[in-house]
Amino acid sequence: MQKNTAAVPEESHFVLSSLAPGRAQKRLAAGVVLVLLVALYLITGPLSGVKLPAVNAFVAIYATAMFVTDSITAILLYAQFSILRSRAILVIASGYLFTALIVVPYVLSFPGVFAPNGVIGGLQTSAGLYVLWHCGFPIFVLAYALTKDEDPGKRVWQRDVSVATRWTVAATAVAAVAGASFCIVGERYLPPIMVNPMRFGPEWPYYVGAPVALLCTSAIVVLWLRRRSVLDLWLMVVMCLFLIEIPLSYYPMPSRFSTGWYAVRVVGFLSSSIVLIVLLYEITTLYGRLLGAVVGQRREREARLMTGDAVAASIAHELRQPLTAMVTTADAGLRFLDRSSPNMDKAKEAFKRIVGDGHRAGTLIGSIRAHFKSDVRERTAFSVNELVQETLDLTRDELQKNGILVQTQTDKDLPEVRGNRIQLQQVLLNLIMNAIDAMPMKDAAKVLSIKANLHEGGHVMISVADTGGGVNSKDAERLFNPLFTTKPDGMGMGLSICRAIVEAHEGQLWFAPNGARGAVFHFTLPADRADSVSPPDDASVDRSESRAG
Amino acid sequence: MTDQLATPVVAVVDDDHSILRSLEYLLESADYEVRLFTSAQALLDSGVLPQIDCLISDIDMPGIDGFELVRYVRAVRPELPTILITGYPDRLERLPPISETAPRFFTKPFPGQELLAAVSDALQPLRR
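The rules behind each value
Residues numbered from 1 in each chain as written. Chains lettered and ligands numbered in written order. Predicted model: local features only at pLDDT ≥ 70, side-chain atom pairs only at ≥ 80, totals over all residues. Helix = DSSP H or I, 4+ residues; strand = E, 2+ residues; numbered from the N terminus. Buried ≥ 20, exposed ≤ 12 C-beta atoms within 10 Å, placed from the backbone. Contact = placed C-beta atoms within 7 Å. Pairing = 2+ DSSP bridges. Axes fitted to C-alpha atoms, helices over the stretch in contact; angles between N-to-C directions. Nonpolar A, V, L, I, M, F, W, Y, C, P; charged D, E, K, R; others polar. Parallel < 35°, antiparallel > 145°, perpendicular 65-115°, else oblique. Right-handed = clockwise from strand over helix to strand, strands pointing away. Arc of directions from axis to C-beta.

Enquirer: Help me understand the overall build of chain A in this model?
Expert: The helix and strand inventory of chain A stands at 16 helices and seven strands. Counting the 549 residues in chain A, one finds 38% classified as buried. Sequence-distant contacts, at least 24 apart, represent 75% of the contacts inside chain A between residues at least 6 apart.

Here is the structure:
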């Protein structure tokens, strides 16, 4: 089973039939079964004396509801099949289609709903259809359980999906129609389940109870042995509900429209909607998480573009300055030479300055190349203080707009660090943006403090602290999961990427509470070996740490 | 007001040293007396404002920017010719409508001869 789990393809992690159920889900499932067992006890025991009127419309409503929920469940499962292409999903989808189809002749043949003796068939028809329905579905569940762990290599080919779906739907329809036809046309061959339109015969337990119980129990056993996914768990619950229906139907009063009979319809409707509810819940949750991830990715990209734009603009400006100085000085130099008595000293001075400015421009171009080098593995030594200042410049507008006070505490003797400057700027940018988002508009005093100081083991530690709501312990575990976010408008990808980048630089990224309010994110980077120094004295490191804490 | 026969004094404000130096050379080559300031505040604090004949200032500077400086100078010396230079050409697309006393604009890098011509034009009423 372990092997199969490993072989589950990537996309299946987002599909109900492959997700492993959490502890809460398992508890809920056990709770549902337990509550129904209590209901079973109450209805067969203390409430058995309650008399209820025979409401024929109830049967019509019940059948309609069953038809709708089972059809929708079947459609959703067929949709999952088209993604997963697993035969097991196709089988269980067909099981739901089968029950949806069987409900139609069931309600038509039910005495008293549309005609006193039913529109179609005879006395035993509706009971026969009930057996077909309640034995048919467990057979589909069994088939699902037996095929679900098959080799993923045997999955249906992508291009065969629609053909397979069509064939299976057709085959299921044929089976349902054939079974229903037998119950209608061959009514006289059916066993005497009903004594009269209201009352079950003494042989009901043999013809209905025993086969249904046998099939459901086998399905539960096989599912239990091969249990793995959310779908497996809830199908087991459905099978338990099928089992509970048996004693409810027959004890203490073996007749239609008894308290137990009504309870069976309610349980039946519940069992039919359980998988639908779980499917819808999971689909909505997964959709929300995927949406968050997509928004997060887009923001990631925008942040990158923003950095790119800002860098390009500042480069254009930086280059323009020495160029302007060179052109202006050259103009001045020419004018000194053009005089009737050329001022050679001034001209010489001017040319020296032009050479100096030229070199300045050359250095700039060198640093631009380093900036835009696409190779992410390229690492350079750079000053953390400059990185902090530059990143704060990029976020200045955002910080001002949110009325956030910025405190920086940097050590000018800090050694340079070695790494990919662009990636590390992304990390810092991300942490600053997170801090801004963590401090809501209405808060009075909002302070973003950034510190850079020496850390143990020849590392430089950069800390970004905010005075926002902080991180609660429940979120803390999942904070670095790729799909986790607490923000209504996205991110999610940010922190996991940040951590990956920092770890790729042999550093660490973690967080702690920022005193009474807010959070502080720390990350360390190895100091450049060329000028790496050990911390001057432990006391100074401790002091700055306690201030950051 | 400066004496008509004395060398005209031009004040230059820019936060970039090499630009300041280059403008000093250029203006010296045209025999102006040059005063250099690395910020608008430094110019205002120096107290030379009443003695200068022309002001050349960068627009984008930390603290008081070029536009603000011009507004301040207008209040004290409305007749003082001003020339603004900028490294961001798109700055000029958002300028207020041109009036007679509006400053002249130059985008970096600018031709030295044209800047000198503009200074000379600005000083014309003074020389006459």
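Here the narrative resumes, following the displayed structure.
Enquirer: Which parts of the structure should I look at to understand the overall build of chain B?
Expert: Secondary structure summary: chain B contains four helices and five strands in total. Going residue by residue from the N terminus, the α and β elements of chain B occur as β-α-β-α-β-α-β-β-α. For chain B, with 128 residues in total, the buried portion stands at 35%. Put simply, of all contacts in chain B between residues at least 6 apart along the chain, 60% involve residues at least 24 apart.

Enquirer: What am I meant to see in the sheet that holds strand E2 (residues 405-410) of chain A here?
Expert: The strands making up a sheet associate through backbone hydrogen bonding, with each pair oriented either parallel or antiparallel. Residues and elements named next belong to chain A. With mixed pairing, the five strands of this open sheet are ordered in space as E2-E4-E5-E7-E6. The strands lining the two open edges of the sheet, one partner per strand, are E2 and strand E6 (509-513). Neighbouring strand axes in the sheet, compared pairwise and without regard to direction, differ in orientation by 20 degrees on average. Sheet analysis places strand E5 (residues 459-465) next to strand E7 (residues 519-526), joined by seven bridges and oriented antiparallel. Among the inter-strand pairings, Ala465 is bridged to a residue of E7, identified as Val520.

Enquirer: Sorry if this is basic, but what is going on with the interface of chain A and chain B here?
Expert: Accessible area lost when the parts come together is the quantity often used to give the size of an interface. Each partner contributes to the interface: chain A provides 17 residues, whereas chain B provides 15 residues. Put simply, the parts of the chain that give the side of chain A that touches chain B at least two residues each are helix H9 (259-338) and helix H10 (344-372) of chain A. The dominant element in the side of chain A that touches chain B, judged by the number of residues it contributes, is H9 of chain A, at 14 residues. Taken together, the residues of the side of chain A that touches chain B sort by class into seven nonpolar, five polar and five charged.

Enquirer: Whenever I open this one, the packing of helix H2 (residues 23-44) of chain A against helix H8 (residues 230-250) of chain A confuses me. Can you help?
Expert: The relative placement of two packed helices is expressed as an angle between their axes plus a distance between the axes. All names here are of chain A. The interhelical angle for the contact between H2 and H8, taken along N-to-C directions, is 5 degrees, at an axis separation of 10 Å. In this view, H2 runs roughly parallel relative to H8, as classed from their interaxial angle. Residues Gln25, Lys26, Ala29, Val32, Val33, Leu36, Leu37, Leu40, Ile43 and Thr44 of H2 touch H8, and the partners they reach there are Val230, Leu233, Trp234, Val237, Cys240, Leu241, Ile244, Pro247 and Leu248. Of the residues contributing to the contact of H2 with H8, the split by class is 16 nonpolar, two polar and one charged.

Enquirer: Would you take a moment to explain the pairing of strand E3 (residues 54-58) of chain B for this structure?
Expert: In summary, the side chains of a regular strand alternate between the two faces of the sheet. Residue and element names in this part refer to chain B. The element E3 is extensively covered by neighbouring structure, given that five of its five residues are classed as buried. Burial along E3 is two-sided: the residues Cys54, Ile56 and Asp58 and Leu55 and Ser57 are all buried. By the bridge criterion, four bridges tie strand E1 (residues 9-13) to E3 in an arrangement that is parallel. Bridge assignment links Val12 to a residue of E3, and that residue is Ile56. The sheet contact formed by E3 and strand E4 (residues 82-86) spans four bridges and is parallel. Each bridged residue has a counterpart across the sheet, and for Ile56 the counterpart in E4 is Ile83. Remark: the E3/helix H3 (residues 66-76)/E4 crossover connection has right-handed handedness.

Enquirer: For this particular structure, what's the right way to read helix H11 (residues 384-394) of chain A?
Expert: Residues spaced three or four apart along an α-helix face the same direction, because each turn holds 3.6 residues. Residue and element names in this part refer to chain A. By the burial criterion, the buried members of H11 are Val384, Leu387, Val388, Thr391 and Leu394. Buried residues in H11, looked at end-on, bunch into an arc of 125 degrees, giving them a common side. For H11, the exposed residues lying more than 90 degrees away from the buried face are Glu386 and Asp393.

Enquirer: How should the sheet that holds E4 of chain B be read in this particular structure?
Expert: Residue and element names in this part refer to chain B. Strand order across the open sheet formed by five strands is E2-E1-E3-E4-E5, with parallel pairing between neighbours. Sheet topology places strand E2 (33-37) and strand E5 (104-107) at the edges, where each strand pairs with a single neighbour. Mean inter-strand twist for the sheet, computed between neighbouring axes without regard to direction, equals 20 degrees.

Enquirer: I keep staring at the environment of Ala361 of chain A and nothing clicks. Help me out?
Expert: All names here are of chain A. With respect to the helices, strands and loops of the structure, Ala361 is situated in helix H10. A tally of 17 C-beta atoms within 10 Å means that Ala361 is categorised as partly exposed. It is 6.1 Å that separates the C-alpha atoms of Ala361 and Leu319, two residues lying 42 residues apart in sequence. Apart from the residues lying within four places of it in its own chain, the contact partners of Ala361 are Leu319, Pro322 and Leu323.

Enquirer: Honestly, the environment of Phe257 of chain A in this entry has me stumped. Any pointers?
Expert: All names here are of chain A. By the element assignment, Phe257 lies in the loop between H8 and H9. By C-beta crowding, Phe257 is classed as partly exposed, having 18 other C-beta atoms within 10 Å. Between the C-alpha atom of Phe257 and that of Ala54, which follows or precedes it by 203 residues, the distance is 5.3 Å. Not counting chain neighbours up to four residues away, the residues in contact with Phe257 comprise Leu52 and Ala54.

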